[in-house]
Amino acid sequence: MGDILQIANSTVFWIFAFIVVAIVAFQAIIFLWIASRSAGQADMNPSEVRTAIRSGFISSIGPSFGIAIILISLIALIGSPITLMRIGIIGSAATESSAASIGASAFGAELGADNFPIEALAAVMWTMFLGGTGWLIVTMLFTKSLGRTQQKIQKHNPKIMAGVSLAAMLGAFAYLASQQMITSMNHAVAGVISVAAMILMMKYADHRNISWLKEWALGFALLIGMTTGYLTTFIL
């Protein structure tokens, strides 16, 4: 795995990572500039604009720390520049973690294994990048028409869109989690505790209307699962 990480952290990957992040940062600056110029049309004075920008910046700190918890594990598996490129565009650490695991499994390797071949890393990258490309292409071509379609579906049955998205995510995570949970009793206990912790945190966040906890819940669940897995090695 050490040789693979040397390749994944090579200069070429860092160059591409900085190009991707620079493009995203440029877009953010342009959006901010357009929003500032359009503030007058929304009857917002400069003080209100500064307050809105400051509020947006502060509110983004919490979710960013939640993602950072998961990034640590991704960096150890696929290197820093690849992780930076994916999270810099998509912003979903959970989605990228799933894509990396699916890519490795499709090649027949286990993510993070000592004998992880370079071909498996290529499969992981193709899975992550092609998966993200689909979102971007669909968004570019069909945003307006999908918006109208969504409105028609919601008028017919508002729960259909939410149900399809939820089912897809549950299926993906259940598939990945079950592969690990059958490895040993320690893995099974850690998986069950993680799922239970995630459900409890999300229910508590909904009950108390705690938005930041929803963003941090996955990271907390991972930490609880890893801690449980470590502690159970002394018992089971």
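Shown above is the structure to which this text applies.
What counts, and where the lines are drawn
- Residues numbered from 1 in each chain as written.
- Predicted model: local features only at pLDDT ≥ 70, side-chain atom pairs only at ≥ 80, totals over all residues.
- Heavy atoms only, no water.
- Helix = DSSP H or I, 4+ residues; strand = E, 2+ residues; numbered from the N terminus.
- Buried < 20%, exposed > 50% of the residue type's maximum accessible area, 1.4 Å probe, protein only.
- Phe/Tyr/Trp six-rings, centres within 6.5 Å; stacked < 30°, edge-to-face > 60°.
- Lys NZ or Arg CZ within 6 Å of the ring centre and 35° of its normal.

A description of the overall build of the chain should follow, citing residues and the corresponding values.
Broken down by element type, the chain carries 9 helices and 0 strands. Put simply, the chain runs from its N terminus to its C terminus through helices and strands in the order α-α-α-α-α-α-α-α-α. Each principal axis of the C-alpha atoms in the chain carries an extent, and together these give about 65 × 45 × 35 Å. Taking all 236 residues of the chain together, 26% fall into the buried category.

A description of the packing of aromatic side chains should follow, citing residues and the corresponding values.
Enumeration according to the criterion identifies 2 aromatic pairs in this entry. Here the aromatic rings of Tyr-230 and Phe-234 are separated by 5.2 Å at their centres, their planes lie at 85°, and the arrangement is edge-to-face. Note on Tyr-230: relative accessible area 53%, which makes it exposed. The ring of Phe-129 has Arg-86 lying over it, and the distance from NZ or CZ to the ring centre is 4.6 Å.

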